[in-house]
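# Remarks on the overall topology
Here is what each chain is made of, one letter per residue.
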Amino acid sequence: MTNSELSDLEAALRRGAALDVDAPAGAAALSAVVAADRAGLVDVAVSTVDSPVGDLLVAVTPQGLVRLAFDPERVLDELAERISPRVVVAQGRLDPVRRELDEYFTGRRRAFDIAVDWSLTSGFRRRVLEATARIPTGQVTTYGALAEEVGKPTAARAVGNAVGSNPIAIVVPCHRVVPAAGGVGNYGGGPERKAFLLDLERSNETTPRRRPLEPGRRR
Amino acid sequence: MSPPPFQTFLEHHRDPVYRFLLFSVGPDAADDCLQETFVAALRAYPRLEDGSNLRAWVLTIAHRKAIDAHRGRARRPVPSAELPEQPSPAVTVPDPGLWKAVGELPPKQRAAIVLRFVSDLPFREVGRILDISDAAARQNVREGLARLRKEYADDEQRAV
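On a predicted model such as this, the values are computed, not experimentally measured, just so you know.

### Focus: helix α1 (residues 6–25) of chain B
The terminal C-alpha atoms of α1 of chain B, which comprises 20 residues, lie only 25 Å apart, well short of the 28 Å expected from a rise of 1.5 Å per residue. When the local axis directions of α1 of chain B are compared, the greatest deviation, roughly 45 degrees, occurs at His 13 of chain B, which is followed within four positions by the proline Pro 16 of chain B.

### Overview of the sheet that holds strand β3 (residues 64–69) of chain A
Residues and elements named next belong to chain A. Taking strand neighbours across the sheet as the criterion, the 4 strands line up as β3-β2-β1-β4 in an open arrangement whose pairing is mixed. The sheet terminates laterally at β3 and β4 (87–89), the two strands that pair on one side only. Pairs of neighbouring strands in the sheet enclose a mean axial angle of 25 degrees, with direction left out of account. Relative to β4, strand β1 (residues 44–49) runs parallel, the two sharing 3 bridges. Paired with Ala 45 across the strands is Val 88, a residue of β4.

### Focus: the nonpolar core
Residue and element names in this part refer to chain B. Judged by nonpolar contacts, the single largest core of 98 residues is most densely connected at Leu 21 and Leu 34. When residues in this core are grouped by element, the largest group, 10 residues, is from α1. Once you skip the residues sitting within four places of it in the chain, Leu 21 turns out to touch Ala 30, Cys 33, Leu 34, Ala 62 and Ala 66.

### Side note on the packing of helix α2 (residues 22–38) of chain A against α1 of chain B
In contact at an axis separation of 9 Å, α2 of chain A and α1 of chain B are set at 120 degrees when each is read in the N-to-C sense. With respect to their mutual orientation, α2 of chain A and α1 of chain B come out oblique. Seen from above, α2 of chain A lies across α1 of chain B with right-handed handedness. Every residue of α1 of chain B that contacts α2 of chain A at Asp 22, Pro 24, Ala 25, Ala 28 and Ala 29 of chain A is listed here: Leu 10, Arg 14, Asp 15 and Tyr 18 of chain B.

### So, the domain arrangement of chain A
Residue and element names in this part refer to chain A. Structurally, chain A comprises domain 1 (41–120) and domain 2 (123–203). Inter-centroid distance (C-alpha atoms) of domain 1 to domain 2 is 20 Å. Taken together, the contact between domain 1 and domain 2 spans 14 residues of the former and 12 residues of the latter. Taken together, the residues of the side of domain 1 that touches domain 2 break down into 12 nonpolar, no polar and 2 charged.

### Considering the interface of chain B and chain A
Counting from both sides, the interface comprises 36 residues of chain B and, opposite them, 34 residues of chain A. Those elements that provide at least two residues to the side of chain B that touches chain A are α1, α2 (27–44), α5 (107–118) and α7 (134–159) of chain B. The leading source of residues in the side of chain B that touches chain A is α1 of chain B, at 10 residues. Across the side of chain B that touches chain A, the residue classes tally to 24 nonpolar, 4 polar and 8 charged.

The rules behind these values
Residues numbered from 1 in each chain as written. Chains lettered and ligands numbered in written order. Predicted model: local features only at pLDDT ≥ 70, side-chain atom pairs only at ≥ 80, totals over all residues. Helix = DSSP H or I, 4+ residues; strand = E, 2+ residues; numbered from the N terminus. Expected span 1.5 Å × (residues − 1). Bend = angle between axes of the 7 residues up to and from the residue. Pairing = 2+ DSSP bridges. Axes fitted to C-alpha atoms, helices over the stretch in contact; angles between N-to-C directions. Core = buried A, V, L, I, M, F, W, Y, C linked by C-beta atoms within 7 Å. Buried ≥ 20, exposed ≤ 12 C-beta atoms within 10 Å, placed from the backbone. Contact = placed C-beta atoms within 7 Å. Parallel < 35°, antiparallel > 145°, perpendicular 65-115°, else oblique. Left-handed = near helix turned anticlockwise from the far one by under 90°. Domains from an automatic or database assignment. Nonpolar A, V, L, I, M, F, W, Y, C, P; charged D, E, K, R; others polar.

Dropping the structure here:
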């Protein structure tokens, strides 16, 4: 046995390492995810949903929608650290959320019916965000009014921080909280997205709000 | 070191694990073994305290699934040597004669050969996955190679 014969055999074996298995491995991995989900092993199912305001990263737990983010950066790590490392891309689990978002963006839905999982927020922040979730579609409120709503009328700044910490954009409508001074104000996804969502909700109003005119202004 | 999100782990190790299984159990059983490997991994994932060598961890699981597949096959009346020859529509194994010969090696030698050359692992890691010493891993590779040289080379000569 010569060295060249030896290396020929090893070289032939090593060619296996370069084999492109992307397609079969990908298909088998998808089956694994489906089987794992069926066995109840997926604690956090994530997926990307496309929308008029860009791709949204959406995550659900068995309790409900836990995260909706404009920027996917580090979101998987955050979910793994704070909820469970069993974070898996599982398209099927996100179908109800995808459907409701689609209806919302095409003007066929005014309010979301999907359950919300508040796991990523707690205490004061959670109280503020639960109050935020009650702001009706098509309306806006101010940080000050929200502070009063949660019984902390002097804490407008803390309320602003709580609103800014919203883990579930759009569905928990933090875009409906605006500065008393006017304008759309800050938004995690950028002011353009906030303005877009507010316009969408105003223009899609199926039953226009009839704001009673103040007697003094009646002509 | 806590483990990364399972999705990240899956994407990172999917292809290497598939290659290991493909050359250990053949294309027909590789899909099922890969599925079983990652379902088992996901089941154990939250209890995983040390995320520092996930490659060795997942290949250990895959190795067990490959052994199960070989045992299952031995119980059935299908000769095991047939398996690497049946091409899967999705993947064509190069050098099928060689891999048929690998498939006929004793389980430890087969796994050691695949881990060493396909998974490109050092002997220490091969030993760790097979739960044997570095020296035993080296010996299994050496013996496996000797056997392959004999059988595979004989086949080659017949073919010429």
